[in-house]
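The chain contents come next:
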Amino acid sequence: AGGGGGGAAAAGATFICGEESFGTGSSHVREKDGLWAVLAWLSIVAHHNADASKPLVSVESIVRAHWREFGRNFFSRYDYEGVESAGANAMMQQLRDGMADDAAAIKKQCEGSGFTLRAADEFSYTDPFDKSVATGQGLRLLFDGDSRVVFRLSGTGSAGATIRMYVEKYEAPPAADAADDALARPAADALA
């Protein structure tokens, strides 16, 4: 994510990002994620309804068709805002140290909850176009089945530090003859 005009944009490449601002950005609206999401969904709905003589294709039907083909990622983000910076950094360091020093204990604890820990790391990103590297992008617990938990310090809060915890659980698409009710349940139920 973010900025400077390098990478894919500078290379003239077409790209779609998976962040909450729908992979777009701007510097003149403080809370722009919702605006970009609405514009993105209007574009998607318009694409699916190009022929005005056919029945309206709703957002719900587009999403359900996507889930039936690709499965669903249940997602939740928890923000802890206004945290004193030194304390936030100390907590992140303690998590970092625990991941490095006691991975076996973390793995055993996770398996008791039905998840198998595949890896625990600190995420970094190498831009495929200009080869720049962004380090320290979050502490990740990666599980078999493409589920994950990420802890990240964010500088987008108005005061102090913001600690963000992202929880994501992937569920594969249902069998062709099965109902998609399991994929339509609320994220809170799926992540419980």
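Anything mentioned here points back to the structure above.
None of these values were measured; they are calculated from a predicted model.

Undergrad: Is there a simple way to explain the nonpolar core in this structure?
TA: Note on soluble globular proteins: their nonpolar side chains tend to be buried together. Core analysis: the biggest nonpolar cluster contains twelve residues, these being M92, M99, I106, C110, L117, L139, L141, F143, V149, F151, M165 and V167. Looking at this core, the elements with two or more residues in it are α4 (85-101), α5 (103-111), β5 (139-143), β6 (147-154) and β7 (161-171). Of the residues forming this core, the biggest block, three residues, is contributed by β5. Setting aside residues no more than four positions away along its own chain, L141 makes contact with M99, I106, L117, A119, A120, S147, R148 and V149. Counting six residues, the second-largest nonpolar core is a separate cluster that includes V63, W67, L183 and A187.

Undergrad: Quick question: what am I supposed to make of the sheet that holds β7 here?
TA: In sheet architecture, strand pairing relies on hydrogen bonds along the backbone and comes in two forms, parallel and antiparallel. Taking strand neighbours across the sheet as the criterion, the five strands line up as β1-β7-β6-β5-β2 in an open arrangement whose pairing is antiparallel. Pairing within the sheet leaves two strands with one partner each, and these edge strands are β1 (72-83) and β2 (117-122). Neighbour-to-neighbour, the strand axes of this sheet turn through a mean angle of 10°, independent of strand direction. As judged from the five bridges shared by β5 and β6, these two strands associate in the antiparallel manner.

Undergrad: What am I meant to see in the side chain of S147 here?
TA: With respect to the helices and strands, the residue S147 is situated in strand β6. A relative accessible area of 5% places S147 in the buried class. In terms of polar contacts, S147 uses its side chain to reach the backbone amide nitrogen of Y170, at 3.3 Å.

Conventions we followed
- Here the residue index of a chain counts from 1 through its sequence in written order.
- Totals for whole chains, interfaces and linings use all residues, but because this is a predicted model, local features are given only for residues with pLDDT of at least 70 and pairs of side-chain atoms are given and counted only at 80 or more.
- Calculated side-chain values reflect all of the structure's heavy atoms, with hydrogen atoms and water omitted.
- Residues belong to a common nonpolar core when they are buried Ala, Val, Leu, Ile, Met, Phe, Trp, Tyr or Cys residues joined through side-chain atoms within 4.5 Å.
- Using a 1.4 Å probe on the protein chains alone, a residue whose accessible area is under 20% of its type maximum counts as buried, one over 50% counts as exposed, and one in between counts as partly exposed.
- Each helix corresponds to a stretch of at least 4 residues labelled H or I by DSSP, and each strand to a stretch of at least 2 residues labelled E; elements are numbered beginning at the N terminus.
- The contact definition used throughout considers only heavy atoms, calling two residues in contact when any of these lie within 4.5 Å.
- Strands are treated as partners if at least two bridges between them are detected by DSSP.
- Whenever a helix is involved, its axis is fitted only over the stretch in contact; in every case the axis is a line through C-alpha atoms, and angles between N-to-C directions fall within 0 to 180 degrees.
- Two N or O atoms count as a polar contact when they lie within 3.5 Å, although within protein this holds only if one can serve as hydrogen donor and the other as acceptor, and sequence-adjacent residues are included solely when both atoms are side-chain atoms.

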